[in-house]
Every structure is written in C-alpha cells, then in structure tokens.
Amino acid sequence: MSFILVTGGCGYIGSHTLLEFLKNTNHHFLVIDNLSTGFIQNLEYLQNRFKNRITFFNYSLNNKEKLEQIFHTYNIECVLHFAASLSVEESTKIPLEYYKNNTINTTFLIELCTKYNIKNFIFSSTAAVYGQPEGEFESIDENFSLNPINPYGTSKMMSEFILKDSSKIYNFNYVILRYFNVAGANMDNDFLHSRALGQRSKNAIHLIKIALECAVGKREKMGIYGINYNTKDGTCIRDYIHINDLASAHLSAYQYLLQNKQSNIFNVGYSKGYSVKEVIDKVKEVTKQDFLVEILGNRAGDPAKLIADNRKILQYTNWQPKYNHLEKIIQSAYDFECYLRDVENE
Ligand code: UFG
C-alpha cells in the first residue's frame, strides 16, 4: 500500500485539502502536525467521516528522528507540505522563527524525500513571494520576478529554490502552488452532527475571518490597516479564493504530477481583486450585521495589490474553480463562524 504524507494536515488549508483527497482518491494518509496552529477538531472531523484512512503523528517537523521513522516505515508516494508559520506581520517581528520553521524544516523534509526516493512533492507557497511588483499591471503571472517584502515571503521563496535545485539532482518532481488569499469554509459541512470544517484560529489575523468575528459578536470592532495605498479606494487589494477551490487545486496538482512526471509552478487565485473596504462592505451586506470599523496605520509587510493571473493552472491542469464569488466565500465562512459561536456557547 502506498501513502500520501501531509504535513500540517490539522490546519485550515491542510484539512480541507485532505478532505478533497479523501473524497476523490482511495489513498491512506499520514498526517504530521504539532498542533501549534492546527486543530485536532479538523482531524477528528475527517476521521469521523472517513474511517481508518488517516494515521496521525503529533510531531514537529524539526524532530528529524521521528520524521525519519515515518519515512522508513511507510511507502510514501507523494508529500503535501503545508506545515508552516503563516503571518506576514508576525514574520517581520520574529524573522528567525520563520526561517527555521518554514525554510530549515522544509529542507529537512526534502532531504528525507531524496533519501527515501519520494517522487512527488506538492509545496504550499504564497503570493507573498512576488512582493510588490513595480509599474502598471493588473495581475501577476508566474514569470514575475520574486521580490518578497517580508520574511514570510522570503522564507517561502527560499524553500522554492531549495526544492527546484534538489529536484534536478535527486530526480523527483514538484508542484509549487502560490496561494493568493484563501477564505471561506467547507461547502458540504454536516452541521446536523455538530461537526464542521472551516477556518479555526487561536488568534485571527485574516481580514474575512476578523470581519466575521465582528459580525457574530465575538469582537466589538475591527481596523483597516491603511487607506493611503495607491489603489482605487486607498486600501489594499487581494484576490480571495474559496478554500474548497484551493483544496481542489492540490488534487489537480497531484494528478498533473502523476500524468506529466514533470515539475511546475502555478498561481492559485481567481484573477479578481477586492479592496479591504469592499470586503468589509460585502461582509456587512451578506451577514446583515453592522459593526464598528476604525482606520488604523499601515501594517508592516503589506503589499498594496496582489491579484493572480491564473491562466497557467487553468491551461496545464484540470482545475475547475467552483466557488468564484465573494458572496459565497463570505456566506460559507459566516455559516461556520455562527457554528463556532454556537458550539462555544453550549
Ligand atoms: N487587513 C485589515 N484589517 C484586518 C486584517 C487585515 O485591514 O483586521 C488587511 C491587511 O492589511 C491586508 C488585507 O486586509 O491588506 C488582507 O490581509 P490578510 O491578513 O487577510 O492577508 P495577507 O494578504 O496579509 O496574507 C495572506 C496570507 C499569507 C499569504 C497572502 C497572499 O496570510 O499567508 O495572503 O496574498 F501569503
């Protein structure tokens, strides 16, 4: 039997991607997660829904010995590598932690893949590797130069380089997925059974999540980080993608690797940008809730505009996004946020 190894499988993107693979393949999955930002509830949801198909290891990726035991024991066909630190702002304050957790741990993992002859590797990268491109452009394609403006983006860019250089020498293939801004919750949630999959956070940092915490009354107010950017309304523009579509991009990447046996890099977004103000207005409209929004200073490390050119992934893989509507993203995230509030109040 062959296995797919998923690092960070208890996290938001990891768990939704696992769900996509569990639904669409017959594989067994090995999940490594130290639960630093992941949630055991995500794994429990999946284990309840898909019996006996996930083996969980509560390890950190810097635990080389334990990691090697896994590679030694199981026949691994593909690695999906999600585990990472993920806050742009935090990375500007504790850069070394980001290089250790994101770049050095990825290097360990790649080293084991080369030692145990793993042929397929899918890497969670980010739009943050592009930094803030200069000049006039509507969207960013994969050929834009990499010029990260925060340690988070640099830590991921360095991992991309390590992957590229080692894949040539050790003869394996990778797909690098450069995520734009993911949001929303699983669309086939089983609320009846009091379990659901969506974005859980110990300390929310993401725009849509924070706005929805205001809408459900978990927070009194929120702030807009800067209104002096060179954009249509002065607030930052991002390309928001529904979590189920981001998850299915991984399945398409996996199928791409099996069919083409070659490496590639794809942006994953919808090629559509919304400003911070537009997102907050849409949250108020969808949820029919009003809340206080303050104007704050710019947040460290924020580029003004990041919109994906997604033509490459659409051309080279079978990826077909299904939830390309800001309303759907917000509605699904709101349903999940209401569920979380109700569970916490029980
Ligand atoms: N923002 C606010 N107020 C908030 C939260 C966010 O104004 O309370 C703004 C931010 O300043 C930024 C935008 O909303 O302009 C989006 O911020 P997020 O924190 O939601 O997302 P980021 O764009 O900073 O980063 C996210 C992921 C990264 C990924 C990046 C890719 O966290 O991992 O998207 O674009 F690299």
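Our structure is the block above this text.
Described in the following lines is the structure provided in the data block. Worth saying up front: this structure is predicted, and the values here are computed from it rather than measured. Throughout this description, residue numbers start from 1 for each chain and increase along the sequence as written. Local features in a predicted model are, by the rule used here, given only for residues with pLDDT of at least 70; side-chain atom pairs are given and counted only at 80 or more, and totals for whole chains, interfaces and linings are based on all residues. For side-chain calculations, the full set of non-hydrogen atoms in the structure is used, while hydrogens and water are omitted.

The next thing to look at is the overall build of the protein. Check the secondary structure of the protein and you find 11 helices and 14 strands. Along the first, second and third principal axes, the C-alpha set of the protein runs to 55 × 50 × 40 Å. Only protein chains enter the calculation, and the probe is 1.4 Å; a residue is then buried if its accessible area is under 20% of its type maximum, exposed if over 50%, and partly exposed in between. Among the 346 residues that make up the protein, the fraction classed as buried is 57%. A contact between two residues is defined here by any heavy atoms of the two lying within 4.5 Å. Partitioning the intrachain contacts of the protein with sequence separation of at least 6 by distance along the chain shows that 82% fall at a separation of at least 24. Within the protein, the 37 negative side-chain charges are centred at a point lying 4 Å from the centre of the 36 positive side-chain charges. Comment: elements are numbered from the N terminus, with helices defined as DSSP H or I runs of at least four residues and strands as E runs of at least two. Under the convention used here, Asp and Glu are negative, Lys and Arg are positive, and both His and the chain ends fall outside the count. The location of each charge is read from NZ of Lys, CZ of Arg, CG of Asp or CD of Glu.

What follows concerns the site of the ligand. If even one non-hydrogen atom of a residue comes within 4 Å of a molecule or strand, that residue is called near it. The ligand sits among 22 residues. The nearest are T126, N181, H206, R299 and D302. Any pair of N or O atoms that falls within 3.5 Å is considered a polar contact. Within protein, one atom must be able to donate a hydrogen and the other to accept it, and sequence-neighbouring residues count only if both atoms are side-chain atoms. The side chain of H206 places a nitrogen or oxygen atom 2.6 Å from an oxygen atom of the ligand. The separation between a nitrogen atom of the ligand and a polar main-chain atom of G223 is 2.8 Å. Mapped by element, the contributors of at least two residues to the shell around the ligand are α7 (207-215) and β8 (221-225). For the shell around the ligand, the leading source of residues is β8, giving four residues. Taken together, the residues that form the shell around the ligand break down as 15 nonpolar, four polar and three charged. For this classification, Asp, Glu, Lys and Arg are treated as charged, while Ala, Val, Leu, Ile, Met, Phe, Trp, Tyr, Cys and Pro are nonpolar and the rest, including Gly, are polar.

On to unusual backbone geometry, then. In the Ramachandran plot, L35 falls in the positive-phi region, its phi being about 60° despite a non-glycine side chain. Overall, the relative accessible area of 24% leaves L35 in the partly exposed class. At K288, a position not held by glycine, the phi torsion is positive, near 55°. In this structure, K288 sits in the loop between α9 (276-287) and β13 (292-296).

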